[in-house]
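Read off the chains here:
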Amino acid sequence: MKYVLVTGGVVSGLGKGVTASSIGLILKACGLRVTSIKIDPYLNTDAGTMSPFEHGEVFVLDDGGEVDLDLGNYERFLDIKLTRDNNITTGKIYQSVTDKERKGDYLGKTVQVVPHITDAIQEWIERVAVIPVDGEDGPADVCVIELGGTIGDIESMPFIEALGQFSYRVGAGNFCLIHVSLVPVLNVVGEQKTKPTQHSVRGLRSLGLTPNIIACRSTTALEDNVKEKLSRFCHVPVDNIITLYDVSNIWRVPLLLRDQKAHEAILKVLNLEGVAREPALGEWTSRAELCDMLHEPVRVAMVGKYTGLSDSYLSVLKALLHSSVACRRKLIVDWVPASDLEDETAKENPENYRSSWNLLKGSDAVLVPGGFGDRGVEGKILAAKYARENRIPFLGICLGMQIAVIEYARSVLGLQDANSTEFDPNTQNPCVIFMPEGSKTHMGGTMRLGSRRTYFQVRDSKSAKLYGNQSFLDERHRHRYEVNPDMVQQFEDAGLSFTGKDESGRRMEIVELPNHPYFIGVQFHPEFKSRPGKPSAVFLGLIAAACGQLESLLKKGEAATNGFSNGTSAENVHRLGNGTTPANGNGSFDGIYCNGNGVHV
């Protein structure tokens with residue numbers, strides 16, 4: 001097994017995740033099998049209990065692991081299925097060591113960071129690296145490891161020590177360290193400054209790790225004299241200093257690595273020069289070029305709770321992008337804070353209220369993503385009502401499906417107090433109820449998580465056709481509440497169709513309005529399995545409906561597996577909000593530039 005370690009220096013948010021994903025992609029394009037591990041030095045056991053404002057979205061894996069959003073980047077770039085153990089946290093390591101100590105496995109010895117914690121880290125890496133994640137038998141050829149945080153952080157010290165020991169143990173020809181650092185340009189002098197990177201590399205070397213390659217984040221390509229200076233002070237060959245400068249879209253990052261022959265440097269360090277071929281990135285290149293050429297827009301109103309941080313809905317954005325390019329449209333996402341649609345905002349902040357409703361009414365489609373808590377719920381219900389009554393294409397995900405059911409109960413069934421017991425435990429008409437297997441006392445890992453099977457009940461439905469007329473589908477879940485099965489017949493008698501249910505037939509998975517151009521709610525999270533060139537079926541249906549292409553798409557009957565059979569995707573999107581600039585946790589690889597209305601990606 002060969003290992004590539006990606007570390008970061010100077011500041012956080014440089015785009016280590018995209019860099020690690022791009023490295024994995026280019027190695028895979030060279031004919032190697034690749035797996036990935038993300039190390040997060042925080043004390044949380046996993047990302048499940050963390051607010052999206054704190055750490056971006058929680059990405060859910062097939063096995064139910066709630067992990068860092070970077071694992072979503074790995075899965076999308078490499079088209080692999082990772083496990084919960086591919087995300088290592090300080091909490092997981094300390095918990096495993098403490099459990100062993102309680103069982104007496106250390107035979108009475110004093111348990112210390114060195115060697116017990118550091119050994120546990122190394123053992124975890126070696127164990128997980130050999131788990132096949134690409135559907136083939138046997139271990140991968142290369143494992144790409146990303147160490148979260150920044151060199152010098154106190155919480156990452158045990159991992160740095162463990163990885164230093166690990167590099168020595170596996171040997172120089174089996175370990176390649178790539179350090180991602182910042183080379184800022186000071187506006188005053190207009191000069192690329194190398195000192196931050198020099199200090200970062202010096203700190204890394206003092207901790208027992210020496211970089212083989214330095215990937216420099218900068219607004220523009222590094223000048224030759226800057227590379228030579230970095231080479232001299234950081235003891236790295238000039239050819240092994242790569243520039244990761246700002247590009248128009250995220251798909252161009254692997255091409256930057258290829259054009260600067262980063263793969264050759266990595267293969268040389270790992271003694272794989274005779275094994276690997278030249279990277280085959282033809283499809284990827286055309287995808288990157290296509291995403292810059294799209295001009296005809298499609299507007300999607302994203303009605304959510306966390307609209308102040310775009311990383312909170314990262315996978316949803318990616319799924320929309322995959323679908324919009326399959327439909328040959330430039331995606332414009334209008335960020336609509338759900339609470340701004342409510343009557344309370346009309347009194348307190350009429351300008352925000354007006355602006356948000358204008359965005360909603362100006363959209364070609366409405367999407368209500370998942371979420372927790374009651375803030376903004378009434379606004380989401382109003383958005384679903386607007387889409388239903390005005391025949392605007394609508395997609396509700398998880399909570400988005402539940403609020404669509406609540407809205408239907410209130411508006412069509414006449415049950416004015418209809419609600420979820422999550423928001424009103426005493427409602428007389430509980431449309432959405434707590435699942436019997438859930439826990440109300442423990443937050444982490446107690447939901448219905450991971451891949452579950454959904455069986456189609458109505459073969460002539462839009463959802464069944466979008467999924468290629470299969471009898472069932474497997475999608476990832478993350479929820480504690482579900483549609484009340486005792487009210488299903490009442491809903492169906494009133495025209496709402498539950499077209500997908502679980503194997504028991506009592507858990508509602510897909511709901512749609514047959515007489516609406518496109519009104520679908522899903523209890524699962526289809527965004528987690530959307531891939532470039534293979535967009536999620538219900539996302540593709542939403543964009544196709546917004547573009548007037550749904551009828552031809554349904555006739556193809558192959559949406560689930562190959563979209564429009566064109567193998568294309570993009571990360572090119574305008575994001576416009578009402579004065580809100582969503583933050584971006586990946587540096588500026590997405591090509592984000594602030595403007596007066598929000599951000600341009």
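Description of the structure in this document. As the structure is a computational prediction, the values presented were derived from the model and not from experiment. (Residues numbered from 1 in each chain as written. Predicted model: local features only at pLDDT ≥ 70, side-chain atom pairs only at ≥ 80, totals over all residues. Heavy atoms only, no water.)

## Considerations on unusual backbone geometry
Okay, step 1: Of note, the amide linkage connecting V114 to P115 takes the cis form, showing an omega dihedral of 15 degrees.
Okay, step 2: We note that K261 has phi near 60 degrees; this positive angle belongs to a residue other than glycine.
Okay, step 3: Tracing the sequence through the fold places K261 in the loop between α9 (253-259) and α10 (262-269).
Okay, step 4: Phi angles above zero are rare outside glycine, and N469 is one such case at about 60 degrees.
Okay, step 5: Residue classification places N469 among the partly exposed residues on the basis of a relative accessible area of 38%. (Helix = DSSP H or I, 4+ residues; strand = E, 2+ residues; numbered from the N terminus. Buried < 20%, exposed > 50% of the residue type's maximum accessible area, 1.4 Å probe, protein only.)

## Focus on the nonpolar core
Okay, step 1: Counting 53 residues, the largest nonpolar core has V4, I23, L27, V144, C176, I178 and I266 as its most contacted members.
Okay, step 2: Top contributing element to this core by residue count: helix α1 (residues 16-29), with 7 residues.
Okay, step 3: Sequence-distant contacts of I266, defined by excluding residues within four places in its chain, comprise V4, I23, L27, C176, I178 and I213. (Core = buried A, V, L, I, M, F, W, Y, C linked by side-chain atoms within 4.5 Å. Contact = heavy atoms within 4.5 Å.)

## Some details on a nonpolar patch on the surface
Okay, step 1: Together, Y94, V113 and V114 give the surface a local cluster of nonpolar side chains, amounting to about 230 Å² of exposed area.
Okay, step 2: Of note, Y94 is situated in helix α4 (residues 90-103).
Okay, step 3: Assessed through its relative accessible area of 32%, Y94 is described here as partly exposed. (Patch = residues over 30% accessible without salt bridge, like charges linked within 9 Å, V, L, I, M, F, W, Y side chains within 5 Å. Areas by Shrake-Rupley, 256 points an atom, 1.4 Å probe, with all protein chains shown as cover. Salt bridge = Lys/Arg side-chain N within 4 Å of Asp/Glu carboxyl O.)

## A look at the environment of A129
Okay, step 1: Counting through the fold element by element, A129 comes out in helix α5 (residues 113-129).
Okay, step 2: Here A129 is in contact with M1, Y3, T35, I37, A140 and C143, once residues within four sequence places are set aside.

## Here we look at the sheet that holds strand β10 (residues 213-218)
Okay, step 1: The strand order across the open sheet built from 7 strands is β5-β2-β6-β1-β7-β10-β11, with neighbouring strands paired in parallel fashion. Strand pairing shows two members of the sheet lacking a second neighbour, β5 (87-89) and β11 (241-245), which therefore form its edges. This sheet shows a mean twist of 20 degrees between the axes of neighbouring strands, independent of strand direction.
Okay, step 2: Pairing of strand β2 (residues 34-40) with β5, which is carried by 3 bridges, proceeds in the parallel orientation. Each residue of the ladder has a partner; that of D40, found in β5, is T89.
Okay, step 3: Packed onto the sheet, helix α6 (residues 157-170) meets β1 (2-8), β2, β5, β6 (142-147) and β7 (175-182) and runs at close to 140 degrees relative to β7.
Okay, step 4: Against the sheet, helix α8 (residues 224-234) makes contact with β10 and β11, and its axis sits at roughly 130 degrees relative to β11, the strand it touches most. (Pairing = 2+ DSSP bridges. Axes fitted to C-alpha atoms, helices over the stretch in contact; angles between N-to-C directions.)

## Some details on the packing of aromatic side chains
Okay, step 1: One pass over the structure, following the stated rule, counts 14 aromatic pairs.
Okay, step 2: Here the aromatic rings of F59 and F528 are separated by 4.9 Å at their centres, their planes lie at 70 degrees, and the arrangement is edge-to-face. Here F59 is found in strand β3 (residues 59-60), whereas its partner F528 is found in the loop between β23 (519-522) and α19 (537-547), with 469 residues between them in sequence.
Okay, step 3: Given the relative accessible area of 3%, F528 is considered buried.
Okay, step 4: Between W357 and Y386, the aromatic rings sit 6.3 Å apart at their centres with planes inclined by 80 degrees, giving edge-to-face as the arrangement. Of this pair, W357 sits in helix α14 (residues 350-361) while Y386 sits in helix α15 (residues 377-389), and the two are 29 residues apart along the sequence.
Okay, step 5: With relative accessibility at 15%, the residue W357 sits in the buried group.
Okay, step 6: The exposure class of Y386 is buried, given its relative accessible area of 15%. (Phe/Tyr/Trp six-rings, centres within 6.5 Å; stacked < 30°, edge-to-face > 60°.)

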